Each structure stands twice: as structure tokens, then as C-alpha cells.
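# Working through the structure, step by step
Letter by letter, the chains look like this.
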Amino acid sequence: MSTTWHILGAGSLGTLWATRLARAGLPVRLLLRDRTRLQAYQAAGGLTLIEQGQSSLHPIPGETCDSPQPIHRLLLACKAYDAEAAVASIAKRLAPGAELILLQNGLGSQDAVAAKVPEARCIAASSTEGAFRDGDWRVVFAGHGYTWLGDTAHPGAPIWLDELTASGIPHEWTTQILTRLWRKLALNCAINPLTVLHDCRNGGLQQHQCEVATLCIELGELLQCCGQPDAARDLQQEVERVIHATAANFSSMHQDVANRRRTEISYLLGYACNAAVRHQLALPHLQRLQQRLKDQLHLHGLPSD
Ligand code: NAD
Ligand code: KPL
């Protein structure tokens, strides 16, 4: 009998994982915040996945976070700023040897979660898949990508990776997950805030090449200083490649601001700027970028943390 996949966070990525695992015949249960959310979910009859214009309904069982059954495997699919509180809400349900897969972007939330559940195995993930919600309990699979998984404390791969393969979830186990997370963080710091400040698509940054290049130099210094030389390698070329390849897209941070949603700034630019301060590294352009972004978020009436 396979271990049940408990999924906390019935948003974009949580739904994308839940529906593909369930479609492969694996046991999946959704963890919902409270009875009201559970009733709303049950009324919808399940999660809907929209893929290449085709929608499919998946009647995955749901339960509230305070249900009594033990959790052996948890996919944490909420935003970075919700991760610590979300894990606290299910901590007492974790069985001995439980495994958590942390899908949060950026850095900082993974350590906060691990500190809350020291007995559990925490596996960090970095994903380039893309999905968005077009309604409650509905997700559109918008961009194929890859998910890297790794555990900074234990290099051995978990036994359930073949379940991801069976579910059609492209993934790779890596012993360098921190390097992956830092590299993505650096890309997000070089691109996303500027798209908010210039109110443009990613491709619009081709008009601001000097600004992007200056940030890449500072981010490279930071990565070196934080012991991440591999994440620093050819950073500027990679940033330029991503800007070109995603020219028509709005960055995730731009979309958050446009939709009046809280951003993950503290786990991206905020984390980078704090790391620089800790290492007594002066990165004036990055610090200034953080201040400009915070001012902009204030102007939009959004939280700046
Ligand atoms: P989302 O906002 O669509 O979904 C998060 C869900 O978690 C929401 O439904 C929210 O209600 C739920 N949640 C939060 N706290 C909860 C709690 N205590 N109990 C129960 N449910 C709770 O977010 P998302 O877009 O799926 O992003 C999740 C993470 O994945 C983020 O860090 C994001 O940056 C990253 N990511 C997203 C994408 C994407 O395409 N959406 C791609 C790569 C990485
Ligand atoms: O990951 C992204 C995001 O929007 O968050 C990039 C790759 C920077 C594309 O915008």
C-alpha cells in the first residue's frame, strides 16, 4: 500500500501536483484550512486541472488541517510567507520519520519550517513549472518545467521519486539543492523587482540592460561570499537569456502586484539584502532596489515584507 500524499495548499502548484499524483492512481488527500473551506471544496466536487485547453475533474478527498490521522508525507505548497504557520498547524500530526517536501520559492522559509519540525525530514524543491488559478479549486497548467529536489542534511534520494515519474512530474534529485535555490533567487532578484518598478513584461528589461548588468555583478559578489560560486557562474548571461526567452511574460512578482496580492519579497530580495548585511558586504544597488520596491509596494497598499 502506497503512502498517502497529504497536500497542504490547494493553490496553483498544490493542485498541479495533487491532480497528477491522483491521476496516476496514488493516494492523495488535501489539507484545508477549516470547515468552511472544506465544505466549499466538497461543493465543487474536486480539483479541476486545465491542460492544453482540456479540463478534468479530480475528486480528491479533503480534510481539515486539524483532522486526527497521522501524516507520513506532506507536500507543502503554500507561499513562502505562509509556510511556517501552515506547518505549525499540522506539526502534531506528523508521524515519526515523516517527510516534508517544501515547494516554496526563494530562501528562508525552508529553514523556518525545519526549525518547527526538527524530527521530520525536510526536502527542498525548486520548480520551473508554471500554473495559475482561473477560479477556486481550478488550475491552468501554463508552462512545462522541471522540479529539482534535495535535502541539505541527507544526500540519499527518497524511495518515492518513482511515484513522481509515474505521475508525469518531471524532476531530478540533486545534492546541490541550495545552489539551485540560490541561482533561482538571484534570477528572480535581477528580473522581478525591475519589472514591477518599470511596470513592464520581462522583455521590457531589454531597455534597461545597464541596470540589469549592475545588479548581476552585485548578486554574483553575494553568491561568491555565501559560498555559492556555482550559482554565480555566468549569471548575467543566464539572466539575459531568461529575459529574452520569457520576453512576452509578466514576472510572478509583477502579476502579484497587478492582482493586489502580497509578494514574496522577503524571501527573495529581502533574503539577499539580509545575507549581504550579515557578510558585511556593501551592495548599494541591491539595497536601493529593495527600498524602491518597498516604496512601490506601499504605494499600491501592499505589505512590504
Ligand atoms: P497559491 O497562492 O496559488 O497557493 C497557495 C495555497 O496555499 C492557497 O490556496 C492558500 O490558501 C493555501 N494556504 C496557505 N496557508 C495555508 C494554511 N495554513 N492551511 C491551508 N492552506 C493554506 O501559490 P502557488 O502559486 O501555488 O505558489 C506556491 C509556492 O510555489 C510559492 O512559493 C511560489 O513562488 C512557488 N512557485 C509557484 C509557481 C507557479 O507557477 N504558481 C511556479 C514556481 C514556484
Ligand atoms: O521565475 C520567474 C518569475 O517570474 O518568478 C522568472 C524566470 C524570472 C520569469 O519571470
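Residues numbered from 1 in each chain as written. Chains lettered and ligands numbered in written order. Predicted model: local features only at pLDDT ≥ 70, side-chain atom pairs only at ≥ 80, totals over all residues. Heavy atoms only, no water.

The name given to the protein in an unreviewed UniProt entry is 2-dehydropantoate 2-reductase, and the organism recorded there is Pseudomonas sessilinigenes. If you open the UniProt record of the protein and go to Sequence similarities (unreviewed entry), you find "Belongs to the ketopantoate reductase family." Taken verbatim from the UniProt record of the protein, the Pathway (unreviewed entry) comment is "Cofactor biosynthesis; (R)-pantothenate biosynthesis; (R)-pantoate from 3-methyl-2-oxobutanoate: step 2/2." (UniProt positions renumbered as here; feature names shortened; annotations may be inferred.)

### Points about the nonpolar core
Among the nonpolar cores identified, the biggest contains 46 residues, and Trp182, Leu185, Leu222, Val239, Leu269 and Leu286 are the most heavily contacted of them. Within the residue set of this core, elements represented by two or more residues are α6 (177–197), α7 (209–225), α8 (229–232), α9 (235–245), α10 (252–258), α11 (269–278) and α12 (284–299). Element by element, the count of residues in this core is highest for α6, at twelve residues. Composition of this core by domain shows at least three residues from each of domain 1 (5–175) and domain 2 (179–299). Beyond its immediate chain neighbours, meaning those up to four positions away, Trp182 contacts Leu107, Leu222, Leu223, Cys226, Gln228, Ala231, Tyr271 and Ala275. (Core = buried A, V, L, I, M, F, W, Y, C linked by side-chain atoms within 4.5 Å. Buried < 20%, exposed > 50% of the residue type's maximum accessible area, 1.4 Å probe, protein only. Helix = DSSP H or I, 4+ residues; strand = E, 2+ residues; numbered from the N terminus. Domains from an automatic or database assignment. Contact = heavy atoms within 4.5 Å.)

### Focus: the site of ligand 2
Around ligand 2 sit Lys184, Asn188, Ile191, Asn192, Asn202, Val242, Ser251 and Ser252, and that is every residue in its neighbourhood. Asn188 has a polar side-chain atom sitting 3.1 Å from an oxygen atom of ligand 2. Between ligand 2 and Asn192, the relevant distance is 3.0 Å, taken from an oxygen atom to a side-chain nitrogen or oxygen of the residue. Relative to its unbound accessible surface of 280 Å², ligand 2 loses 79% to contact with the protein. Here the residues of the shell around ligand 2 sort into two nonpolar, five polar and one charged. (Near = heavy atom within 4 Å. Polar contact = N/O pair within 3.5 Å; in protein donor to acceptor, adjacent residues only side chain to side chain. Areas by Shrake-Rupley, 256 points an atom, 1.4 Å probe, with all protein chains shown as cover. Nonpolar A, V, L, I, M, F, W, Y, C, P; charged D, E, K, R; others polar.)

### What to know about the pattern of salt bridges
Summed over all chains, the structure comprises 15 salt bridges. Across the pair Arg37 and Asp136 runs a salt bridge whose closest N-O atoms are separated by 3.4 Å. Residue Arg37 is located in helix α2 (residues 35–44), and its partner Asp136 is located in the loop between β9 (130–135) and β10 (138–143); the two are separated by 99 residues in the primary sequence. We note a salt bridge from Arg241 to Glu238, for which the minimum N-O separation is 3.1 Å. Highlighted residues: Arg241 and Glu238, both in helix α9, separated by three residues, approximately one helical turn. Residue class for Glu238 comes out partly exposed when judged on its relative accessible area of 22%. It is possible to trace a salt-bridge network through shared partners that takes in Arg29, Glu63 and Arg93. (Salt bridge = Lys/Arg side-chain N within 4 Å of Asp/Glu carboxyl O.)

### Remarks on the site of ligand 1
Around ligand 1 lies a shell of 22 residues, among which Ser12, Leu13, Asn105, Ala131 and Glu264 are the nearest. In the model, an oxygen atom of ligand 1 is placed 2.9 Å from a nitrogen or oxygen of the Ser12 main chain. Alone, ligand 1 offers 830 Å² of accessible surface; in the complex the protein occludes 84% of this. Among the secondary structure elements, those contributing two or more residues to the shell around ligand 1 are α1 (12–23), α3 (80–90) and β9. Each residue belonging to the shell around ligand 1 can be placed in one class, and the counts come to nine nonpolar, seven polar and six charged.

### Focus: α6
The periodicity of an α-helix, 3.6 residues per turn, causes residues three or four positions apart to be oriented the same way. Along its 21 residues, α6 runs 30 Å from first to last C-alpha, staying within 8% of the 30 Å computed at 1.5 Å per residue. Along α6, the largest kink reaches about 30° and is centred on Asn188. Of all 21 residues making up α6, 18 are buried, and the element is well covered by its neighbours. A positive backbone phi angle near 45° is found at Asp199, which sits one or two residues after α6. (Expected span 1.5 Å × (residues − 1). Bend = angle between axes of the 7 residues up to and from the residue.)

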